[in-house]
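Commentary on secondary and tertiary structure
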Amino acid sequence: MSEIIDIVARYQGKIYRGVKEVRGNLMFVEGIKEVKNEEVVIIVGSDGKERYGRVIEASRDLAVIQILGEEEGLQTDCLVKFTGTTFKIRVSDEVLGRMFNGRFEPIDGLPGITTGEKRDISGEPINPVAREYPHDFIQTGISAIDCMLSLVRGQKLPIFSVSGLPHNMLAAQIARQATVRGEKEEFAVVFAGIGLRSAEAEFFIREFKESGAIERATVILNLADDPVMERLMTPRIALTIAEYLAFDLEMHVLVILTDMTNYAEALREISTARREIPGRMGYPGYMYSDLASIYERAGIIKGKRGSITLMPILTMPGGDLRHPIPDLTGYITEGQIILSQELHAKGIYPPINVLPSLSRLMKSGIGPGRTREDHKYVSDQLYDAYSRGVKARDLARIVGEIGLSERMRGYLKFADEFERKFLSQGPYENRTIEETLDIAWEVLSVLPEEELVRIPRDIIEEYHPKYRG
Amino acid sequence: MGERKGYIEKISGTVVIARGIKDARIGEVVYVGYEGLIGEVVRVTQDSFVIQVYENTSGLSPGEPVYGTGKLLCAELGPGLMTTIFDGIQRPLYEILRRAGPFVRRGIRLNALPRDRKWYFKPLVKIGDIVSEGDIVGVVQETPLIEHRIMVPPGIKGEVVKVEEGEMTVNEDVVILRTKDSKEIGIKMLQEWPVRMPRPCRERLTSEVPLIVGQRVIDTFFPVAKGGAACIPGGFGTGKTVTLQKIAMYSDSEIVIYIGCGERGNEIAELLKEFPRLHDAKSGRPIIERSIIIANTSNMPVSAREASIYMGVTMAEYYRDMGYHVTLIADSTSRWAEALREISGRLGEMPVERGYPAYLPDRLAEFYERAGRVLCLGKPEREGSLTILGAVSPPGGDFNEPVTIHTLRFVGAMWALDPDLAYRRHFPAINWNISFSQYVDIIERWWTKHVAKDFPEYRRRALRLLVVSSEIEAIASIVGESALPDDQRLILLVAEILKEGYLRQTAMEGEDVFCPLNKQYLMLKTIMDFFDKAYKLIRHNVSIEEIANIPEVFEMIRVKERPFEEVKKLYSKLMKRLKDIAIKYNVSLEG
Ligand SMILES: Nc1ncnc2c1ncn2[C@@H]1O[C@H](COP(=O)(O)OP(=O)(O)OP(=O)(O)O)[C@@H](O)[C@H]1O
Ligand SMILES: [Mg+2]
């Protein structure tokens, strides 16, 4: 018992007993004076273990605390210490090259961060009038993305995947290859692993080490067997660091959050424990706003040189795009990259299904002076032709290829070429945007010229292989 | 009024329960805690009251004070609204930026309208005039585009005893009235109005004139009337925001109020980039000069999202009352409904469908009811209109959910977005089979007067052709297109031209971002006349290949990117080609 008091005494503030009930992740404490909404508490159970908690409802006679960390073993005899402050972390340039857990404790054997300002991990909303509209094209070296789903600096663009697909490989390739043309500066990477299996975590860490990115990376890791509630803090810690790097140190930061599905599951767990009225499929009605409070932290601020580009990765439960997790994410992010099991089964890497994928900020990042004047038209034409090709393929399954009109047979051939030459590439193949566009023209030239109705005549005459000789 | 002070009893998210103000009333604005966070009383019980706080409540403690203002949540109305960007409770965001830096800090209390700025007030009344509610007493040039008409507030009547002309702040009396019972009332340029209460008008009129948006699929097929209400439902990424933003930019509205309600910060940044740059077609002035933007993005407090809709519609009614044609755009009403749901949940109310409170349909109805064409209160006699366009974001893109279902009961038009069209990058991805407009009949009457007598006829036939073509497509998907008879293949060809050349329209750049009605008409006429004549030829055994090989056929797809004159030229060329074929095969195209 005395050692418990010792532990608690290390922190300042008032120590209470009087826990009335522990229910799942929630703890109800009575008779507290001056409790603050959302303040952090430290809970020490009779087992001597300490855990964090957060006040989620505060009244004169009762505080409801959400327990972060393991609730197992907690009984009403524990001690609760009210710290009087919300969850804050120290930020300084010492965080680069370091690894932390979901409570921001170092897990790389080095000491914790002791310098720098303390910041609330919830952050504050960027004033919309302070935002700079993003427009700097990021070349990822991946044709499907660069040509048809162009990413710009300051964008939030998620990858929607299914377990078993190579989304980690793709994210790692993007992190490795992403550059802004004409600039030497490389992206700093903040990586948040949320409920990750250790093999996946090791994959990323190895990747960062091999590419040398680890020097300018911060890793926040919450593994599958780490406390579920810390999954809620992991992305927020990552973004607090990213904001510091981007808006204080003016660096360009790429933030990878994976797997946001685990985050959403944790959110649902708390909501259920609080007996809240659920929205769709048991996820809380406020999940949209909660996810937005994470995703909207990406962006660029006027007058600051840095930026936060955000790439959340999530696995769609049941592969269903309409499931609340991808659905609400898609409603917040600026597009989505969707991976397809069918393409993967065909052996195509990266298995990006471009048709339902989208980059909303693409238009501001491409075109003359940014990429190339034909970029937009080529992309539009690829979308149109590929969707016709896919339709022709479906049709051919019913009526046979001979039942198709000659025109549709052309599109069928196009779709095959598109997947084989344009979409497919190696995980270490880094194509320039010019190379990508040239391949696009090559596959488009499978079609009769009069089918290229989304490309203006003069552009065709300039770039079509037929005229280039 | 004495000090209205109470204290916090309990905090749960943005909902705070307090005690100590005996006569707190629903709708009263209160300041919560030491930081004075802004909130509104949403429920009163015998010894306590419930507050919806419009800011983040973290760190707030039970026992902290609550101050009542005794005032309802109001919008400030007066010169200075135009060009301004507000948050959901009408705080000017540029001012917040100036004071607090790039992140929105809480506890900032600001007037919507600056108190130190001077405006030149030009009176339109003189001493001795009797004026009453709605009468215009003078004007202020608010922006080069907008003349701001200062009106006698509702419920006031009297004789003008003093008039000031010249540079004044919004808080100075510009006109002083003496009422019947000899009280003097000062009229200022600044007025306030409780946002949850519709502003009165003399009479509601039926809508007769279309809002011209320049997008063919809307103007020709599913038009909305000035004073009407339309919704645009669709899953993520199907084009709600782009469509509404383009309407904000190019439609023939005199004033646009754009509410970014729980959506993306970068979309607001985009508006702020575009609005000062884009020039109004008629006046050549930047469109920001006729716009107000409300931005309560998804990461800003949810409760203020709920208020933002009312703030916007109140400002819109105020300009309507001056005699303007106002368009209010709300993107997205679903986020507003979700805010209602969240607050309702925290209040422990009994939910009905999908967690939404039972009063959701009432709130939606009240909102869309504030649209309308009206005869304004007061002299001179004038007419104004308020058109409401709301985005709806159904979960999973499935329209069978409470917000979409109830919205459809209260709007006159729906532009239903279709993910399949969006995946194909056919924009605007408005599905022509399930969208509707109840304004078609009255707008057709307007067309016959202002565009062309046979426009309605062309519209009907084009729609029919699209329906028939999808039936033929279904057959073709079984037997193969090559097995179809030539007349059916012609229908497929023309349907394709309609889709590619008419319905599909880029919103991004070039000639086609705004297509005037006369060009819409001529384009449609070209395609449909081509169809009629070609059909006749095919009936006389001319082959579909001969028709499809006319070089100008595919021109019909591209002509939208060229000016009106080119459409005219194309029309005559096509007709000539068909005539030549008719002569060759000795077919008569007449009759
Ligand atoms: N009329 C259009 N012309 C060209 N492109 C369009 C058009 N409408 C939509 N798009 C494309 O689709 C993308 C998504 O459109 P938009 O942002 O309007 O979707 P949304 O329905 O508002 O989605 P969300 O519900 O997620 O906000 C745009 O970024 C743009 O690339
Ligand atoms: Mg949108």
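Computed from a predicted structure; not experimentally measured.

Among the 17 residues in the neighbourhood of ligand 1, the closest are listed as A:R360, B:K240, B:T241, B:V242 and B:R264. Around ligand 1, the neighbouring residues derive from chains A and B rather than from a single chain. One of the side-chain N or O atoms of A:R360 is found 2.7 Å from an oxygen atom in ligand 1. B:T241 is positioned with one of its side-chain polar atoms (N or O) 2.7 Å from an oxygen atom of ligand 1. Protein contacts shield 92% of the accessible area of ligand 1, which totals 630 Å² for the unbound molecule. Among the secondary structure elements, those contributing two or more residues to the shell around ligand 1 are α8 (324-332) of chain A together with α3 (240-250) of chain B. The dominant element in the shell around ligand 1, judged by the number of residues it contributes, is α3(B), at three residues. Here the residues of the shell around ligand 1 are counted per class, giving seven nonpolar, six polar and four charged.

Turning next to the pattern of salt bridges. Side chains bearing opposite charge may pair, as long as their charged atoms lie close to each other. Residue and element names in this part refer to chain A. A complete count under the given rule lists 98 salt bridges over all chains for this structure. Between E243 and R297 there is a salt bridge; the shortest N-O distance is 2.9 Å. One end of the pair, E243, is in helix α5 (residues 234-248); the other, R297, is in the loop between α7 (287-295) and β18 (307-315), with 54 residues separating them in the sequence. By relative accessible area, R297 is classed as buried at 3%.

The next subject is the interface of chain B and chain A. On the chain A side, the residues contacting the 79 residues of chain B number 80 residues. Counting the surface lost from both chain B and chain A, the interface buries some 6,400 Å², and carbon and sulfur atoms represent 53% of this. Viewed at the interface, chain A and chain B are joined by seven salt bridges. Ionic pairing is found between B:E496 and A:R407, a salt bridge with its closest N-O pair at 3.9 Å. Taken together, the links from chain B to chain A amount to 35 residue pairs in polar contact (both at pLDDT 80 or more). Counting residues per element, the ones that place at least two in the side of chain B that touches chain A are β1 (5-12), α1 (93-100), α4 (265-274), α5 (302-322), α6 (333-346), α11 (455-479), α12 (486-503) and α15 (555-558) of chain B. Among the elements that make up the side of chain B that touches chain A, the one with the highest residue count is α4(B) (eight residues). Split into classes, the residues belonging to the side of chain B that touches chain A amount to 28 nonpolar, 24 polar and 27 charged.

This part covers the packing of aromatic side chains. Residue and element names in this part refer to chain B. This structure, assessed with the given rule, holds 24 aromatic pairs over all chains. Arranged with centres 5.5 Å apart and planes meeting at 70°, the rings of F455 and Y521 form a pair that is edge-to-face. Note that F455 is positioned in helix α11 and Y521 in helix α13 (residues 517-539), a separation of 66 residues in sequence. On the accessibility criterion, F455 (0% relative accessible area) is buried. Relative to Y535, the ring of F531 lies with its centre 5.4 Å away and its plane at 40°, an arrangement referred to as tilted.

Right, let's talk about helix α12 (residues 406-423) of chain A for a bit. Residues and elements named next belong to chain A. A rise of 1.5 Å per residue sets the reference length of α12, with its 18 residues, at 26 Å; its end C-alpha atoms lie 25 Å apart and thus fit the reference within 8%. By the largest-angle criterion, E417 marks the main kink of α12, which is about 25°. Turning to α12, its buried residues number three or more, namely M408, G410, Y411, L412, F414, A415, E417, F418, E419, F422 and L423. Buried residues belonging to α12 abut α2 (143-148), α9 (341-345), α11 (375-399) and α13 (433-444).

With that settled, consider the nonpolar core. Judged by nonpolar contacts, the single largest core of 138 residues is most densely connected at A:V354 and A:L382. When residues of this core are assigned to domains, at least three fall in each of domain 2 (89-364) and domain 3 (375-468) of chain A. Setting aside residues no more than four positions away along its own chain, A:V354 makes contact with A:A144, A:M148, A:Y383, A:Y386, A:F418, A:L423 and B:R425. Counting 102 residues, the second largest nonpolar core, distinct from the first, contains B:V104, B:V213, B:I443 and B:L490.

The next thing to look at is empty space enclosed by the protein. Per the stated rule, a full pass over the model turns up eight cavities of 30 Å³ or more. Of the volumes computed, that of the largest cavity is approximately 220 Å³. Residue lining of the largest cavity: 19 residues in total, with A:R280, A:L328, B:E338, B:R341 and B:P395 positioned closest to the centre. Mapped by element, the contributors of at least two residues to the lining of the largest cavity are α7 and α8 of chain A together with α6 of chain B. Broken down by element, the lining of the largest cavity gets its largest block of residues, four residues, from α8(A). Classifying every residue of the lining of the largest cavity gives nine nonpolar, three polar and seven charged. Here the second largest cavity defines a volume of roughly 60 Å³. In terms of lining residues, the second largest cavity is bounded by B:E133, B:G134, B:M151, B:V152, B:P154, B:R199, B:P200, B:D321, B:L377 and B:R382.

Calculation criteria
Residues numbered from 1 in each chain as written. Chains lettered and ligands numbered in written order. Predicted model: local features only at pLDDT ≥ 70, side-chain atom pairs only at ≥ 80, totals over all residues. Heavy atoms only, no water. Near = heavy atom within 4 Å. Polar contact = N/O pair within 3.5 Å; in protein donor to acceptor, adjacent residues only side chain to side chain. Areas by Shrake-Rupley, 256 points an atom, 1.4 Å probe, with all protein chains shown as cover. Helix = DSSP H or I, 4+ residues; strand = E, 2+ residues; numbered from the N terminus. Nonpolar A, V, L, I, M, F, W, Y, C, P; charged D, E, K, R; others polar. Salt bridge = Lys/Arg side-chain N within 4 Å of Asp/Glu carboxyl O. Buried < 20%, exposed > 50% of the residue type's maximum accessible area, 1.4 Å probe, protein only. Contact = heavy atoms within 4.5 Å. Buried area = accessible area lost by both parts, 1.4 Å probe. Phe/Tyr/Trp six-rings, centres within 6.5 Å; stacked < 30°, edge-to-face > 60°. Expected span 1.5 Å × (residues − 1). Bend = angle between axes of the 7 residues up to and from the residue. Core = buried A, V, L, I, M, F, W, Y, C linked by side-chain atoms within 4.5 Å. Domains from an automatic or database assignment. 1 Å grid on protein atoms, 1.4 Å probe; cavity = no way out; pocket = protein on both sides within 12 Å on 5 of 7 lines; lining within 4 Å. Points joined across faces, edges and corners; volume = space filled by probe spheres on them.

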